[in-house]
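# Structure assessment
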Amino acid sequence: MHWAFVGASTIAAQHMLNAVRRQPGHSVTWIVSNSPDRVQTWAAEHDIPNATTDLQQALTDASVGAVYISSTNEKHHAQAMAAIAAGKHVLCEKPLGMTQDEAVEMVRAAQDTGVTFGTNHHLRCSGSHRAVRELIASGRIGKVLSLRIHHAVHLPDNLQGWRINSADAGGGVIPDIVVHDADVTRFLLQEDPASVVAQMTSSGMGQGVEDSCMSVWTMPSGAMVMTHESFTHPFAGSGLEVHGTEGSIFAKGVMTQRPVGEIALVTEAGSEDVPFSDQDLYVQGVSDFVAAASGQGRPAADGPDGVKSLSVALSVREAAATGQRVNINYGGF
Ligand code: NDP
């Protein structure tokens with residue numbers, strides 16, 4: 001299958017080109033960007049045969065079967081709607097849109113058109129997260145009481161642009177990282193958060209958007225979830241803990257783009273290390289998407305998953321802005 005990449009972005013260069021090229025028979029044949037200079041440079045640097053600033057030009061290429069969108073967040077909706085209208089399968093970066101309405105419209109359009117739609121939530125493609133999910137599902141820790149996610153990182157210098165300065169482009173730690181934590185929570189606990197309370201702050205890294213957030217979520221089962229996201233923490237590390245009536249899981253260093261970290265399961269019998277597979281998260285995500293597009297299985301995270309992670313994140317922002325508990329509405333999904 002031939003792919004058009006929409007967005008001359010860092011994530012495309014660092015992870016997604018390789019992820020597509022690792023699929024047998026798949027290649028990236030178009031790069032689409034808003035900048036005539038950047039698109040030419042990007043195509044040359046990454047050995048892509050066609051470069052354009054006109055999305056329609058790539059979409060009218062009948063040999064293109066799939067579109068991967070990794071532009072800044074405010075562009076996702078229009079680009080995805082155009083790709084769906086052209087009958088292409090779409091793998092879109094998180095957050096799917098700026099608003100829940102945008103995300104719902106994209107996912108409904110894909111459903112109506114019959115194309116495959118995936119949301120690029122990479123963490124559920126990691127061996128570590130899949131191992132934690134399996135431990136919980138198999139009852140090793142009994143009834144889940146709580147989940148704590150530590151996802152306070154330091155935004156690298158090269159990414160300190162729109163993410164910390166531009167609300168209009170969808171900046172802020174909530175659309176950037178809370179969406180991932182919402183997806184991880186839903187993936188691990190297999191239920192959707194019901195309500196949230198939250199606080200956020202801008203501590204000076206950027207302007208106009210929050211760079212740190214803490215929130216507490218209630219789950220339908222009665223489990224409690226606590227998450228911490230930030231762009232400003234150089235030495236905090238990352239991880240998650242799941243505590244149950246029969247045991248606790250400590251997964252250290254696993255909120256990351258790489259297949260690293262360690263997992264310990266602690267029960268009455270003591271502490272044991274939990275092995276997990278080390279596949280590349282993005283290769284796995286594209287592999288799941290490609291299989292779904294050919295009629296086998298579903299994307300690792302599909303369209304409704306993307307609507308739901310955005311819905312949680314927007315509720316966290318509303319709760320932090322108002323100081324009120326927010327009951328989450330999932331836009332009909
Ligand atoms: P970048 O800032 O690297 O790129 C975003 C856009 O900014 C590009 O599409 C490009 O626009 C423009 N741009 C890139 N470089 C420059 C430059 N030097 N000067 C001016 N403009 C530039 O974004 P990311 O790769 O960090 O993020 C892109 C999307 O991917 C976001 O939606 C983000 O949330 C998501 N993401 C997802 C991750 C995941 O693991 N799932 C990880 C990281 C990001 P144009 O295309 O018009 O040239």
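This one's a predicted model, so the numbers in the text were calculated from it and none came from an experiment. (Residues numbered from 1 in each chain as written. Predicted model: local features only at pLDDT ≥ 70, side-chain atom pairs only at ≥ 80, totals over all residues. Heavy atoms only, no water.)

All right, on to the pattern of salt bridges then. A complete count under the given rule lists 14 salt bridges for this structure. A salt bridge links Arg124 to Asp305, with the nearest nitrogen and oxygen atoms 3.7 Å apart. In this pair, Arg124 is assigned in the loop between β6 (117–119) and α6 (127–137) and Asp305 in helix α10 (residues 303–322), connecting sequence segments 181 residues apart. Of the two residues examined, Arg124 and Asp305, each falls in the buried class. Linked through salt bridges whose partners overlap, the residues forming this network are Arg124, Asp183, Arg186, Asp192, Arg298, Asp302, Asp305 and Lys308. (Salt bridge = Lys/Arg side-chain N within 4 Å of Asp/Glu carboxyl O. Helix = DSSP H or I, 4+ residues; strand = E, 2+ residues; numbered from the N terminus. Buried < 20%, exposed > 50% of the residue type's maximum accessible area, 1.4 Å probe, protein only.)

Once that is clear, we can look at the domain arrangement of the protein chain. Taken domain by domain, the protein chain comprises domain 1 (2–121 + 283–301) and domain 2 (123–279 + 311–327). With 19 residues of domain 1 at the interface, the matching set in domain 2 holds 20 residues. For the pair domain 1 and domain 2, the summed buried surface comes to about 1,500 Å²; carbon and sulfur atoms form 56% of the total. On the domain 1 side of the contact with domain 2, Lys94, His121 and Gln284 bury the most area, a combined 36% of that side's loss. Our count for the contact surface shared by domain 1 and domain 2 stands at two salt bridges. The partner of Asp288 in a salt bridge is Arg130, with the nearest N and O atoms 3.0 Å apart. The interface formed by domain 1 and domain 2 includes eight residue pairs in polar contact (both at pLDDT 80 or more). Listed by contribution, the elements that provide at least two residues to the side of domain 1 that touches domain 2 are α1 (10–21) and α9 (281–293). (Domains from an automatic or database assignment. Contact = heavy atoms within 4.5 Å. Buried area = accessible area lost by both parts, 1.4 Å probe. Polar contact = N/O pair within 3.5 Å; in protein donor to acceptor, adjacent residues only side chain to side chain.)

Now for the packing of helix α5 (residues 100–113) against α10. Direction vectors running N to C along α5 and α10 enclose 175°, while the axes themselves pass 9 Å from each other. What the angle tells us is that α5 and α10 run roughly antiparallel. Of the residues in α10, those in contact with Gln100, Ala103, Val104, Val107 and Gln111 of α5 are Gly303, Pro304, Val307, Leu310, Ser311 and Leu314. Classifying every residue of the contact of α5 with α10 gives seven nonpolar, four polar and no charged. (Axes fitted to C-alpha atoms, helices over the stretch in contact; angles between N-to-C directions. Parallel < 35°, antiparallel > 145°, perpendicular 65-115°, else oblique. Nonpolar A, V, L, I, M, F, W, Y, C, P; charged D, E, K, R; others polar.)

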